[in-house]
Structure formats: structure tokens, C-alpha cells
Amino acid sequence: MDIISQLQEQVNQVAAIAFNTFGSLQRDAPPVRLSPNYPEPPANPTEESANFAEQPKLMSAALVKAAKQFDALVAALPLSEGGEEAQLKRIAELQTENDAVGQELQRQLEAAEKELKQVQELFSQAADNCLNLKKPD
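Source: prediction; values computed, not measured. Counting starts from 1 at the beginning of each chain's written sequence and moves along it residue by residue. Whole-chain, interface and lining totals are the exception, using all residues; otherwise, since this is a predicted model, local features are given only for residues with pLDDT of at least 70 and side-chain atom pairs are given and counted only at 80 or more. Each side-chain value is derived from all of the structure's non-hydrogen atoms; neither hydrogens nor water enter the calculation.

A.B. asks: Looking at this structure, I do not really get the overall build of the protein chain. What am I missing?
C.D. replies: Within the protein chain, the secondary structure is distributed over three helices and zero strands. Secondary structure elements of the protein chain occur, N-terminal to C-terminal, as α-α-α. Taking all 137 residues of the protein chain together, the buried fraction comes to 9%. Residues count as neighbours in contact if any of their non-hydrogen atoms are within 4.5 Å of one another. In the protein chain, the share of contacts with a sequence separation of at least 24, taken over all contacts with a separation of at least 6, comes to 78%. Secondary structure follows DSSP: runs of H or I at least 4 residues long count as helices, runs of E at least 2 residues long count as strands, and numbering of each begins at the N terminus. Exposure is judged per residue with a 1.4 Å probe applied to protein chains only, and the accessible area is read against the type maximum: over 50% gives exposed, under 20% gives buried, and values in between give partly exposed.

A.B. asks: Just checking my understanding: could you explain the pattern of salt bridges for this structure?
C.D. replies: Here the idea is simple: oppositely charged side chains can pair when their charged atoms come close. Here, a salt bridge means any side-chain nitrogen of Lys or Arg that lies within 4 Å of a carboxyl oxygen of Asp or Glu. All told, the structure shown has two salt bridges when counted by the stated rule. Here Arg-90 makes a salt bridge to Glu-93, at a shortest N to O gap of 3.7 Å. Here Arg-90 pairs with Glu-93, and both are found in helix 3 (residues 83–132), just three residues apart, close to one helical turn. Residue Arg-107 pairs with Glu-104 through a salt bridge whose shortest N-O separation is 2.8 Å. In this pair, Arg-107 and Glu-104 are both assigned in helix 3, three residues apart and thus about one turn of the helix distant. For Arg-107, a relative accessible area of 48% translates into the label partly exposed.

A.B. asks: Sorry, what's going on with the UniProt feature "coiled-coil region" (unreviewed entry) in the protein chain here?
C.D. replies: UniProt positions are given in the numbering used here, feature names are shortened, and annotations may be inferred rather than shown by experiment. Mapped onto the present numbering, the UniProt feature "coiled-coil region" (unreviewed entry) falls on residues 91–129. With 100% helix and 0% strand, the stretch residues 91–129 has end C-alpha atoms that lie 56 Å from each other.

A.B. asks: I tried to follow the environment of Leu-63 on my own but got confused; where do I start?
C.D. replies: On the secondary structure map, Leu-63 appears in helix 2 (residues 47–75). Given a relative accessible area of 26%, Leu-63 falls into the partly exposed group. A sequence separation of 50 residues divides Leu-63 from Gln-13, and the C-alpha atoms of the two residues are 9.0 Å apart. Every residue in contact with Leu-63, bar those within four places of it in the chain, is listed here: Val-14, Ile-17 and Ala-18.

So this is what it looks like as C-alpha cells:
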């Protein structure tokens with residue numbers, strides 16, 4: 001897998017971890033009193049509330065780990081050589097090479113189509129000859 005695909009995959013992973021973290025925190029957060037005008041929310045001391053205290057630490061550690069992996073991938077990207085002018089020159093060279101290869105492929109395609117047409121004609125002639133060789137009943 002190339003470096004750009006790895007970066008895209010890592011961004012997707014960071015986004016998924018963040019999405020799951022926020023969703024879990026929202027889902028599992030204990031109720032909080034919003035205003036003195038509202039009654040006190042019911043307390044639900046369960047085993048899950050003990051896990052809730054540890055959950056943000058685990059999720060943030062996973063998020064930080066994924067972000068560090070992303071940073072490592074970014075650091076592994078090759079540096080551009082010679083600046084923008086050199087890149088534009090390289091792009092022009094690649095475009096010229098691409099055009100030449102495209103023309104060669106077009107010539108090969110035309111030759112293959114011509115050969116296919118010849119083979120089809122020969123096959124048609126052979127089939128006609130086979131049908132003409134049948135003995136009359």
C-alpha cells in the first residue's frame with residue numbers, strides 16, 4: 001500500500017476512533033443537573049459507572065496513538081525536490097511520456113482490431129466451407 005493510501009486509512013481510523021469516543025461518552029455519561037430549577041437526576045451507581053471513569057482514558061490513549069501513527073506517516077512522506085518549478089517540469093515530462101505511451105497503445109489497439117477482423121473473416125469463411133461440404137440427403 002502506498003503512503004497516500006496509508007494516510008487516508010489512518011485519517012479514517014482517527015475519525016472512527018473520535019466518533020466512537022464521542023458517542024460512547026455521550027451515551028455513558030452520568031446524568032448532570034442542568035439548573036437549580038430542575039430536580040436532582042437519579043443516581044445509578046452500577047458497575048458500569050466504575051468502567052466509565054476508566055473509559056475516557058482508554059479512548060483518549062487510542063486516539064493519541066492513532067494521531068501519532070498519522071504523524072509518523074506524514075514524516076515518512078518524501079520531500080519535494082527542487083521546489084515548484086522542478087515539480088512542474090517533472091509533471092510535463094510525465095505527461096509527454098504518458099502521451100507517447102497512449103499513442104503506442106492506440107496503435108496496438110488498432111492493429112489488434114484489424115487482426116480480429118481478419119480472424120473473424122477467416123472463421124466465417126471456414127464455417128461457410130464446412131457447411132458447403134455437407135453431403136446432401
